[in-house]
Amino acid sequence: MVDPTRPTAPATNPANAPEPGRDFVRDIVQADLDAGRVGAIVTRFPPEPNGYLHIGHAKSICLNFGIAQEYGGHCNLRFDDTNPVKEEQEFIDSIQQDVHWLGFDWGEHKYFASDYFDTLYAWAEHLVRAGLAYVDDTSAEETRTMRGTLTEPGRESPDRNRTVAENLDLFRRMRAGEFPNGARVLRAKIDMAAGNMNLRDPVLYRILHAAHPRTGDAWCIYPTYDYAHGQSDAIEGVTHSICTLEFDDHRPLYDWFIEHLPVPARPHQYEFARLNITYTVLSKRILTTLVRQGHVSGWDDPRMPTLAGQRRRGVPPAALREFVRSVGVARAYSVVDVAMYEHAIREVLNATAPRRMAVLRPLKVVIENWEEGRTETLEAVNNPEDPSAGTRPVTFGRTIYIEREDFMEYPPNRFHRLSPGREVRLRYAYFITCRSVVKNDRDEVVELRCTYDPATRGGDAPDGRKVRGTLHWVAAHDAVPAELRLYNPLFSRPDPGADGDIMADLSPDSLEVLTGALLEPALAGVAAGAVVQFERQGYFCADPDATPEALVFNRTVGLRDTWAKVQAGAKGG
RNA sequence: UGGGGCGUCGCCAAGUGGUAAGGCAACGGAUUUUGAUUCCGUCAUUCGGAGGUUCGAGUCCUCCCGCCCCAGCCA
């Protein structure tokens, strides 16, 4: 059957052609607008409040709210709360917080599928009266076997031909609470032999004696997703109901309900490929398991791909939006390289994050020709990408700390940091030369004795001599202690779960805690949530776990590190 | 011959019959007081495969191959 309201080919409109083909969904929207099939664009983001939103949802949110914005329509936030046994107020709250954080606003358009329970129920009776739905007493297990298989047709329930009167009576008594969970269901009467399993008399209502977060005990029967979704779209006047590919073969059912019910509008469903990322799991079910089994500290553990987790990790919402934009929207199954995500994060943070110095693994350095007790204040640039960020003072002294890995007693070929006899620059301070090494009884380097060149104040040599390396540092007299949490992928393989047991792929190295880090004093009063770049190390976000004894920072993402790559290559080769 | 969807560079992804965009990654090189950033260059004679139509095919036709989704009273 040809539906004249359904777009066939994108219409062209040379007059005000938008930047061509941003993605196929926008093409459809544009074509519908051009052809006058719809007035204002209405989309919707329909989360079920049974968990926290994750990066995959960000793609859907950006698509739905983005399209509404671009075409001057609006996007509804609609909670798909049709299954009270899984849904909780905590999730209703977190979802709203996360959508706002991502940068989108539903305005007055916040809805719940449960707002429509009365209408949905009335429409179900309508189907019953039309002979298109019946009450089935078959048990869940029996229903499953009778549904047939992918290659064999199903068998019709003996209750399939009950009279309208009997169905109406039974359905009303279901609603009245006369029957226990699972005793009966209301099913659509479609086609038990359909090749599309969704059309083999799908369930519309099931008995669930459970309190609902919003409707309380008002109901003991609840509509299924298939029955509730399209009708909710119609009630809200949604023009483009955009969902993921696995709902593709639900569309005939979606359309069936719309055609057979007295709905006030004719919405259309469109499907796009969901987002997958290497080394990452975007499945609410698995994420829930990680939280419940304590593999992570909670939904907002910075290792979690949840929006709450990424926020705590320090990922700016703009980076998420940029990432989603760069990935595009299509219908082909895809797994995006997590490097693309990290790139988007660095791109945003490079432009915005103030620079600070922090030593992750300190190595003591004594400047032998610097007088005991003398300090000197120098000027450090806050963000070379943003002159308006200004400068800040940093104080130098006789004893400082540098990064342990910035010194090697026996340096390999291309190492151009500090080693015995070699001169390097301390960022914004002086050139220093390593004169000797102090070791403990285990032969470990515990301290360097260096000298500085007073003429190189600020880091420039008046005689124009060059130095190969520039190191970050903190002064012993004013450094601030901190705990640093370094994160690695939660899973140890790019395709977690591909071998079956996803929990077996959990990485033992996803979290490394550094307790002895030292920060420059400018970081002392930093507010939780602030993101800075620790020069030469990476971007770090102040965590609310900070105590009076020590600040806590989460590493959002490291800087690109070509030296590490060179080393890895040398080791491997 | 169960139904549906999809196959363009290592990973995303434009392309809608006129002679393969872009991003990520990678690799060279320049600049650099972050081995960062920035910059410049290299990176698909070929679009899952085979036929066919056409002056011309990633785009149209036929056949074949491969991958994903569906048998919840989950969404």
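Computed from a predicted structure; not experimentally measured. Counting of residues starts from 1 at the beginning of each chain's written sequence and follows it residue by residue. For this description, chains carry letters from A and ligands carry numbers from 1, given in the order in which they are written. Two thresholds apply to this predicted model, a pLDDT of at least 70 for residue-level local features and 80 or more for giving and counting side-chain atom pairs, whereas whole-chain, interface and lining totals are computed over all residues. Side-chain descriptors were evaluated using all non-hydrogen atoms of the structure, hydrogens and water having been removed beforehand.

**A closer look at the domain arrangement of chain A**
Domain annotation of chain A identifies domain 1 (40-272), domain 2 (285-352 + 482-570) and domain 3 (358-472). Centre-to-centre separation of domain 1 and domain 3, based on C-alpha positions: 64 Å. Segment limits for the domains were obtained from an automatic or database-derived domain assignment.

**A short note on the packing of helix 11 (residues 317-327) against helix 12 (residues 338-352)**
As a packed pair, helix 11 and helix 12 sit with axes 8 Å apart at the nearest point and diverge in direction by 135°. In terms of their interaxial angle, helix 11 and helix 12 are classed as oblique. As helix 11 packs across helix 12, the resulting crossing turns out to be right-handed. Along the contact surface, helix 11 presents Ala318, Ala319, Leu320, Glu322, Phe323, Ser326 and Val327, while helix 12 presents Met340, Tyr341, Ala344, Ile345, Glu347 and Val348. Of the residues contributing to the contact of helix 11 with helix 12, the split by class is ten nonpolar, one polar and two charged. Comment: axis = line fitted to C-alpha atoms, over the contacting stretch for helices; angle = value between 0 and 180 degrees taken between N-to-C directions. Secondary structure counts use DSSP, requiring at least four H or I residues in a row for a helix and at least two E residues in a row for a strand, with both numbered from the N terminus. An angle counts as roughly parallel when it lies under 35 degrees, as roughly antiparallel when it exceeds 145, as roughly perpendicular when it falls between 65 and 115, and as oblique in every other case. Crossing handedness follows the turn of the near helix against the far one: under a right angle anticlockwise gives a left-handed crossing, and clockwise gives a right-handed one. By definition, residues are in contact when any of their heavy atoms lie within 4.5 Å. Here the nonpolar group is Ala, Val, Leu, Ile, Met, Phe, Trp, Tyr, Cys and Pro; Asp, Glu, Lys and Arg are the charged ones; every other residue, Gly included, is treated as polar.

**Thoughts on the nonpolar core**
Take the buried residues of types Ala, Val, Leu, Ile, Met, Phe, Trp, Tyr and Cys, join any two whose side-chain atoms come within 4.5 Å, and each joined set is a nonpolar core. Remark: exposure states derive from per-residue accessible area (1.4 Å probe, protein chains only) relative to the maximum for the residue type, with buried under 20%, exposed over 50%, and partly exposed in between. By size, the foremost hydrophobic cluster in this structure holds 39 residues, and its most contacted members are Val99 and Phe323. For this core, the secondary structure elements donating two or more residues are helix 2 (55-70), strand 2 (74-79), helix 3 (89-102), helix 11, helix 12 and strand 24 (538-542). At six residues, the largest contribution of residues to this core is made by helix 2. Built from parts of two domains, this core gets at least three residues from each of domain 1 (40-272) and domain 2 (285-352 + 482-570). Apart from residues lying up to four places away in sequence, Val99 is in contact with Phe45, Leu53, Ile61, Phe65, Phe104 and Trp106. Listed in part, the 38 residues of the second largest apolar core include Leu132, Leu199, Ile207 and Cys220.

**Examining helix 7 (residues 225-236)**
To estimate the expected span of a helix, count its residues, drop one, and scale the result by 1.5 Å. Along its twelve residues, helix 7 runs 16 Å from first to last C-alpha, staying within 8% of the 16 Å computed at 1.5 Å per residue. The element helix 7 is extensively covered by neighbouring structure, given that ten of its twelve residues are classed as buried. Regarding helix 7, the residues found buried are Asp226, Tyr227, Ala228, His229, Gly230, Gln231, Ser232, Asp233, Ala234 and Glu236. Looking one or two residues past helix 7, Gly237 carries a phi angle of roughly 75°, positive in sign.

**Some points on the packing of aromatic side chains**
Stacked, tilted and edge-to-face are the three classes applied to pairs of Phe, Tyr and Trp rings, where Trp contributes its six-membered ring and a pair requires centres within 6.5 Å; stacked means planes under 30 degrees apart, edge-to-face means over 60, and tilted covers the rest. Counted according to the given criterion, the structure contains 24 aromatic pairs. Between the aromatic rings of Phe396 and Trp473, the centroid separation amounts to 5.1 Å while the plane-to-plane angle is 80°, which identifies the pairing as edge-to-face. Placement of Phe396 in strand 14 (residues 391-396) and of Trp473 in strand 20 (residues 473-475) is noted, with a sequence separation of 77 residues between them. On the basis of relative accessible area, Phe396 is assigned to the buried category, the value being 0%. Put simply, the rings of Phe117, Tyr121, Phe171, Tyr205, Trp219, Tyr222, Tyr227, Trp256 and Phe257 touch in pairs and so form one group of aromatic residues. Here, over-ring charges are defined by two tests on the NZ atom of lysine or the CZ atom of arginine: distance to the ring centre within 6 Å, and angle to the ring normal within 35 degrees. Taking NZ or CZ as reference, Arg175 lies 4.0 Å from the ring centre of Trp219, over its face. Above the face of the Phe179 ring, Arg184 is positioned so that its terminal group lies 4.1 Å from the ring centre.

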